[in-house]
Amino acid sequence: MKNFLYKKISLLSIGMLLWKFLVLPIKSFALDYAPLENGVFNNFNTGVDQSSGQLGVFLGQAFQFGLALAAALSIIMIVWGGVKIMLTESVFEKDNGKEKIKNAIFGLLLALASWLILFIINPEILNFKL
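Here's what I pulled together on the structure shown here. (Residues numbered from 1 in each chain as written. Predicted model: local features only at pLDDT ≥ 70, side-chain atom pairs only at ≥ 80, totals over all residues. Heavy atoms only, no water.)

1. Observations regarding the overall build of the chain
- In terms of regular secondary structure, the chain is built from three helices and zero strands.
- Going residue by residue from the N terminus, the α and β elements of the chain occur as α-α-α.
- Here the chain, with 130 residues, has 18% of them falling under the buried criterion.
- Contacts in the chain between residues at least 24 apart in sequence constitute 52% of all its contacts with a sequence separation of at least 6.
- Working note: accessible area of the chain is about 9600 Å², and carbon and sulfur atoms make up 72% of it. (Helix = DSSP H or I, 4+ residues; strand = E, 2+ residues; numbered from the N terminus. Buried < 20%, exposed > 50% of the residue type's maximum accessible area, 1.4 Å probe, protein only. Contact = heavy atoms within 4.5 Å. Areas by Shrake-Rupley, 256 points an atom, 1.4 Å probe, with all protein chains shown as cover.)

This is the structure in structure tokens:
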């Protein structure tokens, strides 16, 4: 019975987090859609000059998306580890939940460290203008 309750709560919390961090930003981005003009994209309110080079713009947006995805997945894993700690009685499963939280925080710090290293070397690197 507890295993079923654990699965139900974890699936519900993962679904809510996915809705918050993946679906809602996509819906708000879709509302800011602007059609193509003269073969180049509009700015989409990002402040990036989209006509400077399509590959550079793509790499910049892919890098930002990767960081956002890493943050969202780490939050999901932290919540999952916390739910596992709360709902299990076994000491080994509680240690497994703590290890999940530690690994999620380490992964998030690793992803943010990549941005920080690039920013310290040269802040213009993150503009991805080719």
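2. Focus: a nonpolar patch on the surface
- A cluster of nonpolar side chains, namely Trp115, Leu116, Phe119 and Ile120, defines an oily patch on the protein surface of about 390 Å² accessible area.
- Tracing the sequence through the fold places Trp115 in helix H3 (residues 91–121). (Patch = residues over 30% accessible without salt bridge, like charges linked within 9 Å, V, L, I, M, F, W, Y side chains within 5 Å. Salt bridge = Lys/Arg side-chain N within 4 Å of Asp/Glu carboxyl O.)

3. Considerations on the side chain of Lys84
- By the element assignment, Lys84 lies in helix H2 (residues 54–87).
- You can call Lys84 buried: its relative accessible area is 11%.

4. Digging into the pattern of salt bridges
- Across all of its chains, the model carries one salt bridge by this definition.
- For Lys84, the salt bridge goes to Glu93, with nearest N and O atoms at 3.7 Å.

5. Focus: the environment of Asn3
- Inspection of the secondary structure puts Asn3 in helix H1 (residues 2–31).
- As a C-alpha pair, Asn3 and Thr88 span 85 residues in sequence and 8.6 Å in three-dimensional space.

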